[in-house]
Amino acid sequence: MLPMIEVRAPLEIKADPQGGWELVFWVLNSFNYTTPFRAMLREIAEALGQDADGCLSLPAHVDGEDFVEGVLMFNETSLRVYYEHALSYLTLATGDREVLAAVAERIQPRIAVI
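As a starting point, this report considers the structure included with it.

A closer look at the layout of surface pockets
No. 1: The calculated volume of the largest pocket comes to roughly 270 Å³.
No. 2: Along the walls of the largest pocket sit 15 residues, with Asp16, Gln18, Glu22, Tyr82 and Thr91 positioned nearest its centre.
No. 3: Those elements that place two or more of their residues in the lining of the largest pocket are strand E3 (21-26), strand E5 (68-74), strand E6 (77-84) and strand E7 (89-94).
No. 4: In the lining of the largest pocket, the residues fall into 7 nonpolar, 3 polar and 5 charged.

Examining the sheet that holds E7
Paired through their backbone hydrogen bonds, the strands of a sheet run either parallel or antiparallel.
No. 1: Strand order across the open sheet formed by 6 strands is E2-E3-E7-E6-E5-E4, with antiparallel pairing between neighbours. The sheet is open, and its two edges are formed by strand E2 (12-15) and strand E4 (56-57), each paired on a single side.
No. 2: As defined by bridge partners, E2 adjoins E3 across 4 bridges and the pair is classed as antiparallel. Bridge pairing links Ala15 to Trp21 in E3.
No. 3: Strands E3, E4, E5, E6 and E7 of the sheet are contacted by helix H1 (residues 37-47), whose axis makes an angle of about 45° with E7.
No. 4: The sheet strands contacting helix H3 (residues 97-107) are E2, E3, E5, E6 and E7, and the helix crosses E3 at an angle near 25°.

Description of the nonpolar core
No. 1: Leu23, Phe25, Ile44, Leu72, Leu92, Val103 and Ile107 are the most contacted members of the largest nonpolar core, which totals 31 residues.
No. 2: Residue assignment for this core shows that the elements contributing at least two residues are strand E1 (5-7), E3, H1, helix H2 (52-55), E5, E6, E7 and H3.
No. 3: Here this core gets 6 residues from one element, more than from any other, and that element is H1.
No. 4: With sequence-adjacent residues up to four places away left out, Leu92 is seen in contact with Trp21, Glu22, Leu23, Phe25, Leu41, Ile44, Leu72, Leu79, Arg80, Val81, Leu100 and Val103.

Points about the pairing of E7
No. 1: The element E7 is extensively covered by neighbouring structure, given that 6 of its 6 residues are classed as buried.
No. 2: Covered by surrounding structure in E7 are Tyr89, Thr91 and Ala93 together with Leu90, Leu92 and Thr94, the residues of both alternating faces.
No. 3: In this sheet, E7 lies alongside E3 in antiparallel orientation, the contact comprising 6 bridges. Of the residues in E7, the one forming a bridge with Val24 is Thr91.
No. 4: Pairing of E6 with E7 involves 5 bridges; the strand directions are antiparallel. For Tyr82, the partnering residue across the bridge sits in E7 and is Thr91.

So, how was this worked out
Residues numbered from 1 in each chain as written. Predicted model: local features only at pLDDT ≥ 70, side-chain atom pairs only at ≥ 80, totals over all residues. Heavy atoms only, no water. 1 Å grid on protein atoms, 1.4 Å probe; cavity = no way out; pocket = protein on both sides within 12 Å on 5 of 7 lines; lining within 4 Å. Points joined across faces, edges and corners; volume = space filled by probe spheres on them. Helix = DSSP H or I, 4+ residues; strand = E, 2+ residues; numbered from the N terminus. Nonpolar A, V, L, I, M, F, W, Y, C, P; charged D, E, K, R; others polar. Pairing = 2+ DSSP bridges. Contact = heavy atoms within 4.5 Å. Axes fitted to C-alpha atoms, helices over the stretch in contact; angles between N-to-C directions. Core = buried A, V, L, I, M, F, W, Y, C linked by side-chain atoms within 4.5 Å. Buried < 20%, exposed > 50% of the residue type's maximum accessible area, 1.4 Å probe, protein only.

Structure below.
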């Protein structure tokens, strides 16, 4: 059985305020600093057929981290990663909506809306 990524709402692709598009994962409860965003990103990388150690770039973990930015490579596309515990969401963003649709399709089997 595949590990599941628990979210509160279905995945959504919407306009990114910084330009382009973002795939939004609304996760668990706001201000829950135990939400395992880093583990979720590793699961996402695996679902995309990527090696998380080689394709995921995040700053070093610090206790109480919030508003974290990084990069996840998918094939030859760089996806901007952002997550925050305050509102409990994770986004993957790029200028190509079709890339995000492909990402969402590949990830969907591991999504559990609770």
